[in-house]
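A look at the structure
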Amino acid sequence: MPELPEVETIVRGLKEKLPGQKIRQVKVNLDKVLRENKEEFASLLTGLVFQGVSRRGKMIIFDLSEDWSLVVHLKMTGQIIYTRPEAPVNKHTHLVFDLAKGNQLRYADLRQFGYLILLKTDQVTGLPQLAGLGPDALEISSQEFGKLIASRKGAIKPLLLNQSFLAGLGNIYSDEVLHLAQIHPLQPAGSLTSAQIERLYKAIRQVLTRAIKLKGSSVSNYVDSDGERGSFQELHQVYGREGKPCFQCGQPVKRLKLSSRSTCFCPSCQKLKALDRQE
Ligand SMILES: [Zn+2]
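Residues numbered from 1 in each chain as written. Predicted model: local features only at pLDDT ≥ 70, side-chain atom pairs only at ≥ 80, totals over all residues. Heavy atoms only, no water.

1. Topic: the packing of helix α6 (residues 171-181) against helix α7 (residues 194-213)
Where α6 meets α7, the axes come as close as 8 Å, and the angle between the chain directions of the two elements is 130°. Of the possible angle classes, the one that applies to α6 and α7 is oblique. Of the two elements, α6 crosses α7, and the hand of that crossing is right-handed. Facing Tyr173, Glu176, Val177, Leu178, Leu180 and Ala181 of α6, the residues of α7 in contact are Arg199, Leu200, Ala203, Ile204, Gln206, Val207, Leu208 and Ala211. (Axes fitted to C-alpha atoms, helices over the stretch in contact; angles between N-to-C directions. Helix = DSSP H or I, 4+ residues; strand = E, 2+ residues; numbered from the N terminus. Parallel < 35°, antiparallel > 145°, perpendicular 65-115°, else oblique. Left-handed = near helix turned anticlockwise from the far one by under 90°. Contact = heavy atoms within 4.5 Å.)

This is how it looks when you write it as structure tokens:
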């Protein structure tokens, strides 16, 4: 699923194109992705102008004229593509915004877990899906991060996936971050030494920043707002590499199941530290 780097890549692409563009018409092919019925959604949006695009965790927020906002979660397979109207239409396209200058903004979602919420701009921060998010993984300070981690008891991997703890990381980047920080995914968060917390914080910033530079990881159907694939998947150290040699030490990458999610790690680079041992 698109995680912070993929969503950030989409947002950066749309920021260059959308502001100032007026919505001429909205076609809804599947209203399951909406809260409103499709006629209401289309009529509310028609005539509004895109003013800004931003990201919170893995969510995208479009600010529109007349104090409306559109909050989008792409979930597993959602895509937002800005394109010419004559470009071939993906068969899972559920929404098409015709823009006044002639281009289209299309929302497609193969598995249909994604959703769009249209609401007044002053209600955005109170939206439970946003209000429940923890600090953004790219914005949190190292002090705040240290405090948050030290107060938690569970294993570090599921904690990094928990959006109310830290917003933005999913399965790919939490595996990559833990490998770079040389921390075992089952290490209890509260048992991490201050040196490990510092390494983890730096690894989060480093992995996310590099991934954004390479326009994200295209491991399933992820593409950016131009329909282009990212290339960070070529630099994955552990994610999706079970049984293959670790690039750092040559030992095979292992996989374990943690709260029904697959976790890939290198048992040699990421040793589980005994709880009473000081680093
Ligand atoms: Zn290794």
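2. Some remarks on the packing of helix α4 (residues 142-150) against α7
Where α4 meets α7, the axes come as close as 10 Å, and the angle between the chain directions of the two elements is 125°. As summarised for this structure, α4 and α7 are arranged oblique, according to the angle between their axes. Here α4 runs over α7; the crossing is right-handed. Contacts between α4 and α7 involve Ser142, Phe145, Gly146 and Ile149 from the former and Ile197, Leu200, Tyr201 and Ile204 from the latter. Class assignment of the residues belonging to the contact of α4 with α7 gives a composition of 6 nonpolar, 2 polar and no charged. (Nonpolar A, V, L, I, M, F, W, Y, C, P; charged D, E, K, R; others polar.)

3. Focus: the coordination of the zinc ion
Distances from the zinc ion to its protein donors, namely Cys246 (SG), Cys249 (SG), Cys266 (SG) and Cys269 (SG), fall within the range 2.2 to 2.4 Å. Of note is the zinc ion, whose 4 donor atoms meet at the metal with angles of 97 to 115° in an arrangement that counts as tetrahedral. Going along the chain, you hit the donors of the zinc ion in the pattern C-x2-C-x16-C-x2-C. Of the two residues, Cys249 is situated in the loop between α7 and β9 (254-258) and Cys266 in the segment after β10 (261-265); the sequence distance between them amounts to 17 residues. Under the relative-accessibility criterion, Cys266 is labelled buried at 0%. (Donors = N, O, S within 2.8 Å, 3.2 Å for Na, K, Ca; no water. Tetrahedral: all angles 85-135°; square planar, octahedral: opposite > 155°, others 65-115°. Buried < 20%, exposed > 50% of the residue type's maximum accessible area, 1.4 Å probe, protein only.)

4. What about the sheet that holds strand β6 (residues 93-99)?
Strand order in the open sheet formed by 4 strands is β1-β6-β7-β5, and the pairing between neighbours is antiparallel. Lying at the two open borders of the sheet, with one neighbouring strand each, are β1 (23-28) and β5 (78-83). Each adjacent strand pair in this sheet contributes to an overall mean axis angle of 15°, direction not counted. Running over the sheet, helix α2 (residues 38-45) touches β1 and β6 and is turned about 170° from β1. (Pairing = 2+ DSSP bridges.)

5. Here's the deal with the sheet that holds strand β2 (residues 50-56)
Pairing is antiparallel across the open sheet formed by 4 strands, whose spatial order is β2-β3-β4-β8. Looking at the sheet topology across the chains shown, the edges are occupied by β2 and β8 (115-120). Going across the sheet, the axis of each strand differs from the next one's by a mean of 20°, ignoring polarity. Relative to strand β4 (residues 68-73), strand β3 (residues 59-64) runs antiparallel, the two being bridged by 6 bridges. Bridge assignment links Ile61 to a residue of β4, and that residue is Val71. Running over the sheet, helix α1 (residues 4-17) touches β2 and β3 and is turned about 165° from β2. Across the face of the sheet, α2 comes into contact with β3, β4 and β8 while running at roughly 55° to β8.

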